[in-house]
Amino acid sequence: LIKYGLIPELTGRISVAATLEELKEEHLVRILREPRNALIKQFQKLFSMDGVELHFTDSAVEAIAQQAIKRKTGARGLRSIMEQAMLEVMYELPSREGVKECIISEDVILNNAEPILIYEEEIEGKKVSAS
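Here the structure is a predicted model, which is why all the values come from computation and not from measurement.

S.K.: Is there a simple way to think about the overall build of the protein chain in this case?
M.R.: Along the protein chain, the regular secondary structure elements total 7 helices and 3 strands. When its helices and strands are written in sequence order, the protein chain yields α-α-α-β-α-α-β-α-β-α. Within the protein chain, the fraction of its 131 residues that count as buried is 27%. Taking the intrachain contacts of the protein chain between residues at least 6 apart in sequence as the baseline, contacts between residues at least 24 apart amount to 57%. Carbon and sulfur atoms make up 53% of the accessible area of the protein chain, which amounts to about 9,200 Å² in all.

As structure tokens, this is what we get:
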């Protein structure tokens, strides 16, 4: 477009003003999981800084994608949906002792339920009873 005389300031804004096809649920799920800096990987890294493994159930990831479609925010709204659902647990985890895993289910995303927290003692107890 610049070659045909449009100024760069205008061509830089065309992508923002142009309408695009809405992404389908499977596309949003791939955006959440697959890229090198995917949102799920970012949150897992954030939680790992506190020594906690973060896991999302398949139904939770699908629920995030469905919420983005419902709100008509597309891929740009995925982060805000995740942050809104996990805000409380992100602030509470650093002060809790012994949490090793955090599992985000569909109920956490849709109904603001508490995530499943697995404590170090529970893991050690399973190992002891298994031997």
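Next comes the rest of the account.
S.K.: When you look at the pattern of salt bridges in this model, what are you seeing that I'm missing?
M.R.: When the charged atoms of two side chains with opposite charge come close together, those side chains can pair. Taken as a whole and assessed by the stated rule, the structure comprises 5 salt bridges. Note that arginine 30 and glutamate 34 form a salt bridge whose closest N and O atoms lie 3.1 Å from each other. The closest approach of N and O atoms between aspartate 58 and arginine 33, which form a salt bridge, is 2.8 Å. On the criterion of sequence distance, the pair formed by aspartate 58 in helix H4 (residues 58-71) and arginine 33 in helix H2 (residues 25-33) is long-range, its members being 25 residues apart. Given the relative accessible area of 51%, aspartate 58 is considered exposed. Among the residues examined, arginine 33 registers a relative accessible area of 33% and is labelled partly exposed.

Conventions adopted
Residues numbered from 1 in each chain as written. Predicted model: local features only at pLDDT ≥ 70, side-chain atom pairs only at ≥ 80, totals over all residues. Heavy atoms only, no water. Helix = DSSP H or I, 4+ residues; strand = E, 2+ residues; numbered from the N terminus. Buried < 20%, exposed > 50% of the residue type's maximum accessible area, 1.4 Å probe, protein only. Contact = heavy atoms within 4.5 Å. Areas by Shrake-Rupley, 256 points an atom, 1.4 Å probe, with all protein chains shown as cover. Salt bridge = Lys/Arg side-chain N within 4 Å of Asp/Glu carboxyl O.

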